[in-house]
Amino acid sequence: MEAVPWRIPDIAKASHPSAWNVLTSLQVTILFVIGNAFYAGMQGVAPHLLDLSWKIGNGEYINIVPNWDSSRMALLHSSLVIQIIDSDFSLLSTLSLRTIGDAVVTSSLTWCGSEVLALKRTRQSLYLISLFSEMHIYDFESPVEIGIELDGIKVFTTNELVFLSQVPGFFLFFFFFFFFFFFFFFFEFALFFHLIQFLQTSHSIRNQLIKVFSTKEIEFIFI
């Protein structure tokens, strides 16, 4: 397959993009940032300036990371703010990394599924943050490397391999709901079944006692 070069015109007079990536949702598109201006370019079409009201004015964007199907993108700003946008470049949520300090390895930013972001906090520590700002820190005994999967990430260390994946709360809730529902349903059904058996047995015993008492009564009468 022959490589096709993509040429980006000199939009900002020899300024280089501070962040860029290739998106493959509908058609192959290059999204890049020069200063605080966003541009989208496609093969055969000149890059055009995007009018985005949510962009941060001060500082610069240092990383653009799409998820596996480019339906969502994480934009990492130098102020340690992450903005999540969709394929239409609409802002979905804003996350802050300021609470974990400046030691975070910004180049390691990646997606862990479709609702969680992961990046190295230190060489031996992993930081996960959800789109709802829920945070988790995983510490390891040796330096870690991250491998990307569709539904999570693989964390490699010198002596172990750990797979981290998101468990959707909605489905988890319904899983436990239906589990306990069917558990108690069958539990109550089992109790009901044994109760019926007991009542049937009791009814049989009661009938036998009635027959015995009736027989005795009849015998008593005849005596």
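Cut-offs and rules
- Residues numbered from 1 in each chain as written.
- Predicted model: local features only at pLDDT ≥ 70, side-chain atom pairs only at ≥ 80, totals over all residues.
- Heavy atoms only, no water.
- Helix = DSSP H or I, 4+ residues; strand = E, 2+ residues; numbered from the N terminus.
- Buried < 20%, exposed > 50% of the residue type's maximum accessible area, 1.4 Å probe, protein only.
- Contact = heavy atoms within 4.5 Å.
- Areas by Shrake-Rupley, 256 points an atom, 1.4 Å probe, with all protein chains shown as cover.
- Pairing = 2+ DSSP bridges.
- Axes fitted to C-alpha atoms, helices over the stretch in contact; angles between N-to-C directions.
- Phe/Tyr/Trp six-rings, centres within 6.5 Å; stacked < 30°, edge-to-face > 60°.

- The name recorded for the protein chain in an unreviewed UniProt entry is Vps16_N domain-containing protein, from Onchocerca flexuosa.

1. Things to note about the overall build of the protein chain
Part 1 of the reasoning: The helix and strand inventory of the protein chain stands at 1 helix and 15 strands.
Part 2 of the reasoning: Counting only residues that meet the buried cut, the protein chain has 31% of its 223 residues in that class.
Part 3 of the reasoning: Taking the intrachain contacts of the protein chain between residues at least 6 apart in sequence as the baseline, contacts between residues at least 24 apart amount to 33%.
Part 4 of the reasoning: Looking at the protein chain as shown, the accessible area adds up to about 14900 Å², and 63% of this sits on carbon and sulfur atoms.

2. What to know about the sheet that holds strand β8 (residues 91-96)
Part 1 of the reasoning: The 4 strands lie next to each other as β5-β6-β7-β8, forming an open sheet whose pairing is antiparallel. Across the chains shown, the open sheet's two edge strands, defined by having one partner strand only, are β5 (61-66) and β8. The average undirected angle you get between the axes of adjacent strands in this sheet is 20°.

3. What about the packing of aromatic side chains?
Part 1 of the reasoning: Taken as a whole and assessed by the stated rule, the structure comprises 3 aromatic pairs.
Part 2 of the reasoning: Between Phe38 and Trp54, the aromatic rings sit 5.6 Å apart at their centres with planes inclined by 65°, giving edge-to-face as the arrangement. Of this pair, Phe38 sits in strand β3 (residues 37-42) while Trp54 sits in the loop between β4 (45-49) and β5, and the two are 16 residues apart along the sequence.
Part 3 of the reasoning: You can call Trp54 buried: its relative accessible area is 15%.
Part 4 of the reasoning: Relative to Tyr61, the ring of Phe38 has its centre 4.9 Å away and its plane inclined at 70°; by these criteria the two rings are edge-to-face. Taken together, the residues Phe38 in strand β3 and Tyr61 in strand β5 connect sequence positions 23 residues apart.
Part 5 of the reasoning: For Phe38, a relative accessible area of 1% gives the class buried.
Part 6 of the reasoning: Judged by relative accessible area, which is 1%, Tyr61 ranks as buried.

4. Regarding the pairing of strand β9 (residues 105-111)
Part 1 of the reasoning: Bridge analysis of β9 against strand β10 (residues 116-122) gives 3 bridges, and the strand direction is antiparallel. Residue Thr110 lies in a different strand from β10, and its bridge partner there is Ala118.
Part 2 of the reasoning: Linkage of β9 to β10, two consecutive antiparallel strands, is achieved through a turn of 4 residues, within which Gly113 is found at a positive phi near 85°.

5. Description of the pairing of β10
Part 1 of the reasoning: When you tally the buried positions in β10, you get 5 out of 7 residues, the bulk of the element.
Part 2 of the reasoning: Counted along the chain from β10 to the antiparallel partner strand β11 (residues 125-130), the turn is 2 residues long.

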